Structures are given as C-alpha cells and as structure tokens.
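Examination of the molecular architecture
Spelled out from the first residue to the last, the chains are:
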Amino acid sequence: MRKRAAKKRPLLPDPRFNDQLVTRFVNNMMWDGKKSVAFKVFYDAIDIVEEKKTDEEKTGLELWKDALSNVMPHVEVRSRRVGGATFQIPMQIRADRKISTAMKWLIGFARKRNEKSMAQKLASEILAAAKEEGAAVKKKTDTHKMAEANKAFSHFRF
C-alpha cells in the first residue's frame, strides 16, 4: 500500500444516553448533514419502542442493542475471480464491519417499511429485530446460508 490507513476519529457520545454507538447509528441514518433531525427521529423511535415493548425489564435502548446484535452477521461472502470463474468465498467479518453492516441493514429495511413516519418505521423494525424476526434478521440468515452453501470454496481465501 502506498498510503497509510486513515485514523479512526473519536465519536462524541450522544446527549441523551451518553453512548457512542447511538451516535454512530444516527450518523448512518442522517441525510444531508441534518444530525439534529436524525437524533430526533432516533429518540422518537426509542420512545415508541418504550411504549410498545412487551417485556418490562428491558429499556428501549437495551432493546435497540439486542436488535442490533440479532442483525449482526458473523460471516459474509466475497466475490473472488479464480481462473475465469467467479467464486463466492465465505469470510469472517471484522468487529467494526459487523456493527456497521448491522446498522445499515436495520436503517435500510426500516426505510422500506410502510408506516407514517421514519421514527415509527425504525421502531417497528427494532421491535421485530429484537424478537429475531423482520427483514433485517432475514437478510442476516440469508447471508449465513449463502456462506454455508459456499463453504466448499473457503480454501480460495486470500
């Protein structure tokens, strides 16, 4: 490599929960640099989760963290060309990539839902993922199935 890797910049923890993971999630969700809007959407979604939740000992934030860990993939497939053929090769994922992939899936599938506001969409996707159902969790299981199906090509790993 010619250049060195970019430095990881420290994230400020969010104002309400004092959590860096929340800020990272909000940064992923934000559109057009509108961070305050994104924070409002996230906090509203957590409040909706707080109202709708069924088990009483967990807070909305804990449910969101559960949802995130339920969506996190452990393996992924990467394309690799070997002698004219393209193989899907299963590979382990780095910890930070696991988290960012889970966030992107959760946000992406929340946006595709058909509720009124983004906060409601996000809240229902979080509740579904916390119960290990919903589109984001389905995406994770599909990714794992794909990796399992292509396990025979894992010796092509680079």
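Use the structure listed above.
What you see is a predicted model; the values in this text were computed from it and never measured.

Examining the environment of Pro73
Tracing the chain through its elements places Pro73 in the loop between helix 3 (60–71) and strand 1 (75–82). Since its relative accessible area comes to 1%, Pro73 is described here as buried. Apart from residues lying up to four places away in sequence, Pro73 is in contact with Ile93, Lys98, Thr101, Trp105, Lys140 and His144.

Considerations on the pairing of strand 2 (residues 85–92)
Pairing of strand 1 with strand 2, which is carried by eight bridges, proceeds in the antiparallel orientation. Opposite Glu76, over in strand 2, you have Met91 as the bridge partner. Linking strand 1 to strand 2, which pair antiparallel, is a turn of two residues; within it Gly83 sits at a positive phi near 55°.

Notes on the pattern of salt bridges
Side chains that differ in sign of charge can pair as their charged atoms come close. A complete count under the given rule lists 11 salt bridges for this structure. Where Arg16 meets Asp47, a salt bridge forms, and the shortest distance between an N and an O atom there is 2.5 Å. You can see Arg16 sitting in the segment before helix 1 (20–29) and its partner Asp47 sitting in helix 2 (residues 35–52), a full 31 residues away along the chain. Looking at Asp47, the relative accessible area reads 32%, which means it is partly exposed. Measuring nitrogen to oxygen at the nearest pair gives 3.3 Å for the salt bridge that ties Asp96 to Arg94. What makes Asp96 partly exposed here is its relative accessible area of 24%. What makes Arg94 exposed here is its relative accessible area of 53%. It is possible to trace a salt-bridge network through shared partners that takes in Lys8, Arg94 and Asp96.

Examining the packing of helix 2 against helix 5 (residues 118–130)
Packed helices, taken two at a time, are described by their axes: the angle between them and the distance between them. Where helix 2 meets helix 5, the closest approach of the two axes is 8 Å, and the angle between their N-to-C directions is 50°. Regarding the angle of helix 2 to helix 5, the classification is oblique. Handedness of the crossing formed by helix 2 with helix 5: right-handed. Residues Val41, Phe42, Asp44, Ala45, Ile48, Val49 and Lys52 of helix 2 lie in contact with helix 5, whose contacting residues are Met118, Ala119, Gln120, Leu122, Ala123, Ile126 and Leu127.

Concerning the packing of helix 3 against helix 5
In the contact formed by helix 3 and helix 5, the axes pass within 8 Å of each other and the chain directions differ by 65°. The angle between the axes of helix 3 and helix 5 places the two elements in the roughly perpendicular class. Crossing of helix 3 over helix 5 shows left-handed handedness. Contacts between helix 3 and helix 5 involve Leu63, Trp64, Ala67, Asn70 and Val71 from the first element and Ile126, Leu127, Ala129 and Ala130 from the second.

Parameters at a glance
- Residues numbered from 1 in each chain as written.
- Predicted model: local features only at pLDDT ≥ 70, side-chain atom pairs only at ≥ 80, totals over all residues.
- Heavy atoms only, no water.
- Helix = DSSP H or I, 4+ residues; strand = E, 2+ residues; numbered from the N terminus.
- Buried < 20%, exposed > 50% of the residue type's maximum accessible area, 1.4 Å probe, protein only.
- Contact = heavy atoms within 4.5 Å.
- Pairing = 2+ DSSP bridges.
- Salt bridge = Lys/Arg side-chain N within 4 Å of Asp/Glu carboxyl O.
- Axes fitted to C-alpha atoms, helices over the stretch in contact; angles between N-to-C directions.
- Parallel < 35°, antiparallel > 145°, perpendicular 65-115°, else oblique.
- Left-handed = near helix turned anticlockwise from the far one by under 90°.

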